[in-house]
Amino acid sequence: QVQLVESGGGLVQAGDSLRLSCAASGRTYAMGWFRQAPGKEREFVAAISWRAGITYNADSVKGRFTISREYAKNTVFLQMNSLKPEDTAVYYCAASQRETPRTTRGVDYWGKGTLVTVSS
């Protein structure tokens, strides 16, 4: 099985940047990021196919967030720029052995989550 270890969350002000990282212990076909704000459903943020490196982004983060990977280290990153208070959420690393995870149904493994809080 795959184990996912996340890091990089924290408390920042609006307009600041953060970089999240997620290291996977086993090989996967694709990885991505989801987030869940208080009282809301878990939603897709970004994903990347493992072999080709094709990226996908939610409309809400396009132009601000960038997903990338270090293939040899089984590690995925999420660079978050121009953060807004509405970005406040627990961010979850996700991995799939079936497809690039753009919905929760496409996720096979979840990380424990890292909290990102953006103050106004």
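In what follows, the structure referred to is the one given above.
Calculation rules
Residues numbered from 1 in each chain as written. Predicted model: local features only at pLDDT ≥ 70, side-chain atom pairs only at ≥ 80, totals over all residues. Heavy atoms only, no water. Helix = DSSP H or I, 4+ residues; strand = E, 2+ residues; numbered from the N terminus. Rg over C-alpha atoms; globule rule 2.2 N^0.38 Å. Buried < 20%, exposed > 50% of the residue type's maximum accessible area, 1.4 Å probe, protein only. Contact = heavy atoms within 4.5 Å. Areas by Shrake-Rupley, 256 points an atom, 1.4 Å probe, with all protein chains shown as cover. Lys, Arg positive; Asp, Glu negative; His and termini not counted. Charge placed at Lys NZ, Arg CZ, Asp CG, Glu CD. Polar contact = N/O pair within 3.5 Å; in protein donor to acceptor, adjacent residues only side chain to side chain.

Q: Would you take a moment to explain the overall build of the chain for this structure?
A: Along its length, the chain carries zero helices and 11 strands. N-terminal to C-terminal, the α/β element order of the chain is β-β-β-β-β-β-β-β-β-β-β. Here the C-alpha atoms of the chain give a radius of gyration of 13 Å, agreeing with the 14 Å that 2.2 N^0.38 yields for 120 residues. Relative to its 120 residues, the chain shows a buried fraction of 44%. Counting only contacts in the chain whose residues sit at least 6 apart along the sequence, the fraction spanning at least 24 positions is 56%. Here the chain has roughly 6300 Å² of accessible surface; of this, 45% comes from carbon and sulfur atoms. When the 15 positive and 10 negative side-chain charges of the chain are each reduced to one mean point, those points stand 6 Å apart.

Q: Got a minute to help me understand unusual backbone geometry in this structure?
A: Apart from glycine, the bulk of residues carry a negative phi angle, and the bulk of peptide bonds sit in the trans form. Positive phi values are uncommon outside glycine, yet N74 reaches one of about 50°. Locating N74 in the fold gives a position in the loop between β7 (65-70) and β8 (75-80). For N74, a relative accessible area of 13% puts it in the buried group. Phi is positive for S82, which is not a glycine, with a value near 50°. Judged by relative accessible area, S82 falls into the partly exposed class, the value being 42%.

Q: For this particular structure, what's the right way to read the environment of Y109?
A: Its location among the elements puts Y109 in strand β10 (residues 109-110). Sequence separation of Y109 and Q97 is 12 residues, and the distance between their C-alpha atoms is 8.9 Å. The contact partners of Y109, leaving out residues within four places of it in the chain, are Q1, V2, L4, C93, A94, A95 and Q97. Side-chain polar atoms of Y109 contact the side chain of Q97, separated by 3.5 Å.

Structural measurements only, silent on function.
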